[in-house]
Amino acid sequence: MKYKDRLNFYALRSVPLVFVTGAIDLQATVVETVEALTGEYQYIYLWDIAKGMYVCECRETKAAMVYLQQATASPEIGNYTKSPMMALSCMSHISGQMFNETKGDKDTSGNKALFIFYMGDRIFNPNDNSQYLEAVQILINLRDELKGMNGCAIFVGINAPDVPELKEHIKIVEAPLPDDEALQKIVTEVQWDYETWYKTADSATKEDSPMHILTEAKKIEYASVLKGMSGFGAEQTVYTSTNSKGIVKELLLENAVQTINNTQGMSVYVGDGRGFNALGGLNSIKKYASRLIEGKLRLKLICYLDEIDKTLAGSSGGDSSGVSQGFLGALLSSMQDTNALGMLFTGVYGTAKSEFAKRFGEEADCLTVHLDLSGMKDSLVGKSEGNLRQALKVIESIGGTDGGIMYIATCNRINQLPAELKRRFNLGTFFFTFPNEEERAVIWKIYKTKYNIDDDEAVPDDRLTGAEIESTCRLADLMGCSLAEARKRIVPVAVTAKEEIDKLIAEAEGRYLSTTYDGTFTANSFSESVKQLKATGRKFSGG
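Only a predicted model underlies this, so the values are computations on that prediction, with no experimental measurement involved.

Participant: I'd like a description of the overall build of the protein chain, backed by residues and values.
Facilitator: Across its full length, the protein chain carries 23 helices and 15 strands. For the protein chain, with 543 residues in total, the buried portion stands at 50%. A fraction of 75% describes how many contacts in the protein chain between residues 6 or more apart in sequence connect residues 24 or more apart. On the protein chain, roughly 25400 Å² of surface is accessible, and the fraction owed to carbon and sulfur atoms is 49%.

Structure representation (structure tokens):
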């Protein structure tokens, strides 16, 4: 059900208390709320911290102002009601008076009032115990009066406040982001503005005008770039990406990336165009991903999550704050609602798990976003989950609900993930391990080129990860020394975390897909690394 339809549905059923969450553009959300409900309420009151409580001019104003003046008994209504508690008390007085009138002889058939509070989530601040208790109590007392006179109080904000005392009293509605039609309308309207300006130019020609250049196909293309933005944000992005000859796509993309990066916990990966060619080895998973891309997979967005086992630690009950459990629930719901695809990467540290996720987006020619769950956590109760919900709303707006989103998560301790989450990664769980001899040769070549090292220089022939091979090349470049000398300064993870890696490899046996060859990972196929380990005198659990 669309936002306006949902609000009208609640109005017709006299729902008294509503929280609107995810309103990243407060002004636009309040305007849309008023437009949706203007025909349902005779009196509409607005409140914000700067103006206090005032009457919305879209409806009956004279009688509404009389109620407001009686409630405040002050000539300076705005100053008197700037305080959130005074505004709530004022609402209580007006609602009480209207409720009493419904029990008298007056004809009050149209006597319905709507109260809308900007930044309503901030009113219920658990860190201010006195204000919190008073606000909650006022609403509990008001519930029946609002319902009795067919009124409603709507609190518009970004986050859903955590108010346990009101859970049974309120309805929560998610503020929408503009859909495809609205975004295309924004693109068109901005271009009409430029068309008007362009026609005043001496060199103006019809063929070069912004509206002539803006074909239907381009309008759809530009609107798709704006997905995930608020209406105002999309409008400003188009304005700052347009010159006298229309929209400059490169500027549009650049501005769109900046807008997404401003969403807490989200950052867009901007690659160099090399895709899988930037990675050595991993032949099997590369082939698998390429076949998906060449087949029926039509990705609009790849969302990768690093070390998901750490960020969701406690989701099975160990987190007393409830944040991890809230994150898990929101993520599961979003993945299900959008028919999202998923891959799960585990294995040895430094074996290109995160890098592969990023390069997958380049190969698929789609937007790639890093979702940093840890960066969304906040000290304020409810704000962490609100941050994630906002990010997921952006993701859903960009990727849609038809399987256009793929989540790729990396983890080191896969056994700590809840079973219901692991099931969501429906395209496979892959085990990344040490590159074999052939893969190492390719990786050495890539990083020799990157750090301007002679291609003929001999390389250390031991068990290094791809990350350690790069570290060796980088150190050789910084020190101006040979690779062999730089290698002496590197202590590989095969040594520093031997027992843990042995355990990981043993656990992966026959359980997860191999990234090097088709089929499940087996230690026997890891024979080259086993031989090298034995040659050094160290034991290997799979050998």
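Participant: Run through the nonpolar core, naming residues and quoting values.
Facilitator: Core analysis: the largest hydrophobic core is formed by 47 residues, its most contacted members being Ile308, Leu371, Ile395, Tyr407 and Leu421. Within the residue set of this core, elements represented by two or more residues are β9 (266–268), β10 (301–305), α14 (323–337), β12 (367–371), α16 (383–399), β13 (405–410), α21 (493–496) and α22 (498–508). Apart from residues lying up to four places away in sequence, Leu421 is in contact with Ile308, Leu312, Leu328, Leu331 and Leu332. Counting residues in each nonpolar core, the second largest holds 37 residues, with Val55, Ile77, Ile138 and Phe155 among its members.

Participant: For the sheet that holds strand β1 (residues 17–21), give the residues involved together with the corresponding values.
Facilitator: Sheet architecture is open: six strands sit in the order β3-β2-β4-β5-β1-β6, paired in mixed fashion. Across the chains shown, the open sheet's two edge strands, defined by having one partner strand only, are β3 (52–55) and β6 (171–174). Pairs of neighbouring strands in the sheet enclose a mean axial angle of 20°, with direction left out of account. Lying over the sheet, helix α3 (residues 62–72) contacts β2 (43–48) and β3, oriented at roughly 55° with respect to β2. Here helix α6 (residues 129–148) sits on the sheet and contacts β1, β4 (113–117) and β5 (152–156); the angle it forms with β5, its principal contact strand, is near 135°.

Participant: Describe in detail the layout of surface pockets, supporting the description with residues and values.
Facilitator: Its volume calculated, the largest pocket comes out at about 1600 Å³. Lining of the largest pocket is provided by 45 residues; of these, Ala175, Pro176, Leu177, Pro178 and Asp179 occupy positions nearest its centre. Of all the elements in the fold, those that place two or more residues in the lining of the largest pocket are α1 (3–12), α2 (26–37), β6, α7 (180–198), α10 (231–239), α14 and α16. In terms of residue count, the dominant contributor to the lining of the largest pocket is α7 (seven residues). Grouping the amino acids of the lining of the largest pocket by side-chain chemistry returns 18 nonpolar, ten polar and 17 charged. Residue lining of the second largest pocket: 21 residues in total, with Leu253, Asp365, Cys366, Leu367 and Thr368 positioned closest to the centre. At the level of elements, α9 (216–225), α11 (249–261), α15 (353–364) and β12 are the ones that each hand at least two residues to the lining of the second largest pocket. Looking at the lining of the second largest pocket residue by residue, the class counts come to eleven nonpolar, four polar and six charged.

Participant: With reference to specific residues and values, describe the pattern of salt bridges.
Facilitator: Scanning the model with the defined rule gives 18 salt bridges in all. Across the salt bridge formed by Lys393 and Glu174, the nearest N and O atoms sit 3.3 Å from each other. Taken together, the positions of Lys393 in helix α16 and Glu174 in strand β6 put the pair 219 residues apart, joining distant regions of the chain. Here Asp180 makes a salt bridge to Lys227, at a shortest N to O gap of 3.3 Å. Of this pair, Asp180 sits in helix α7 while Lys227 sits in the loop between α9 and α10; the two residues are 47 residues apart in sequence, bridging distant segments of the chain. A cluster of three or more residues bridged by salt bridges with shared partners is formed by Asp272, Arg274, Glu355, Arg359 and Glu362.

Participant: How would you explain α22 if you had to name every residue and give the values?
Facilitator: The complete set of buried residues in α22 reads Lys498, Ile501, Asp502, Leu504, Ile505 and Ala508. Down the axis of α22, the sector holding all buried residues measures 160°, keeping them to one side. Exposed residues on α22 whose side chains face more than 90 degrees from its buried face are Glu499 and Lys503. In this structure, the buried residues of α22 make contact with β11 (341–347), β14 (429–432) and α21.

Participant: Go over the packing of α3 against helix α5 (residues 84–102), please, and point to the residues and values.
Facilitator: Following both chains from N to C, one finds α3 and α5 inclined at 120°, their axes separated by 9 Å at the closest point. Classified by the angle their axes make, α3 and α5 are oblique. As α3 runs across α5, the sense of the crossing is right-handed. Along the contact surface, α3 presents Tyr67, Leu68, Gln70, Ala71 and Thr72, while α5 presents Cys90, His93, Ile94, Gln97, Met98 and Glu101.

Participant: Provide a residue-level description of the packing of aromatic side chains, including the pertinent values.
Facilitator: By the definition in use, this model includes 17 aromatic pairs. Each ring, one from Phe19 and one from Phe155, has its centre 5.5 Å from the other, and the planes form 85°; the classification is edge-to-face. Note that Phe19 is positioned in strand β1 and Phe155 in strand β5, a separation of 136 residues in sequence. Looking at Phe155, the relative accessible area reads 2%, which means it is buried. Members of the aromatic cluster, each reached through a chain of ring pairs, are Phe276, Tyr288, Phe345, Phe356, Phe360, Phe430 and Phe432.

Participant: Lay out α15 in plain terms, naming residues and giving numbers.
Facilitator: Spanning twelve residues, α15 covers 17 Å between terminal C-alpha atoms, matching the ideal 16 Å at 1.5 Å per step. Considered for burial, the residues of α15 that qualify are Lys353, Phe356, Ala357, Lys358, Arg359, Phe360, Gly361 and Ala364. Those residues of α15 that are buried lie in contact with α12 (283–294), β10, β11, β12, β13 and β14.

Participant: Pulling in residues and values, what's your account of the packing of α5 against α6?
Facilitator: One can describe the packing of α5 onto α6 by two numbers: an axis separation of 9 Å at closest approach and a directional angle of 20°. For the element pair α5 / α6, the angle class is roughly parallel. Considering how the two elements wind past one another, α5 and α6 form a crossing that is left-handed. Residues Met85, Leu88, Ser89, Met91, Ser92, Ser95, Gly96, Phe99 and Thr102 of α5 form the contact with α6, whose own contacting residues are Gln131, Glu134, Ala135, Ile138, Leu139, Leu142, Asp144, Glu145, Leu146 and Gly148. Here the residues of the contact of α5 with α6 are counted per class, giving nine nonpolar, seven polar and three charged.

Participant: Now, about the pairing of β10: what can you tell me, with residues and values included?
Facilitator: The element β10 is largely enclosed, with a buried count of five among its five residues. The pairing of β10 with β12 spans four bridges and is classified as parallel. The partner of Tyr304 across the bridge, within β12, is His370. As paired strands, β10 and β13 are joined by five bridges and run parallel to one another. Bridge assignment links Leu301 to a residue of β13, and that residue is Ile405.

Definitions and cut-offs
Residues numbered from 1 in each chain as written. Predicted model: local features only at pLDDT ≥ 70, side-chain atom pairs only at ≥ 80, totals over all residues. Heavy atoms only, no water. Helix = DSSP H or I, 4+ residues; strand = E, 2+ residues; numbered from the N terminus. Buried < 20%, exposed > 50% of the residue type's maximum accessible area, 1.4 Å probe, protein only. Contact = heavy atoms within 4.5 Å. Areas by Shrake-Rupley, 256 points an atom, 1.4 Å probe, with all protein chains shown as cover. Core = buried A, V, L, I, M, F, W, Y, C linked by side-chain atoms within 4.5 Å. Pairing = 2+ DSSP bridges. Axes fitted to C-alpha atoms, helices over the stretch in contact; angles between N-to-C directions. 1 Å grid on protein atoms, 1.4 Å probe; cavity = no way out; pocket = protein on both sides within 12 Å on 5 of 7 lines; lining within 4 Å. Points joined across faces, edges and corners; volume = space filled by probe spheres on them. Nonpolar A, V, L, I, M, F, W, Y, C, P; charged D, E, K, R; others polar. Salt bridge = Lys/Arg side-chain N within 4 Å of Asp/Glu carboxyl O. Arc of directions from axis to C-beta. Parallel < 35°, antiparallel > 145°, perpendicular 65-115°, else oblique. Left-handed = near helix turned anticlockwise from the far one by under 90°. Phe/Tyr/Trp six-rings, centres within 6.5 Å; stacked < 30°, edge-to-face > 60°. Expected span 1.5 Å × (residues − 1).

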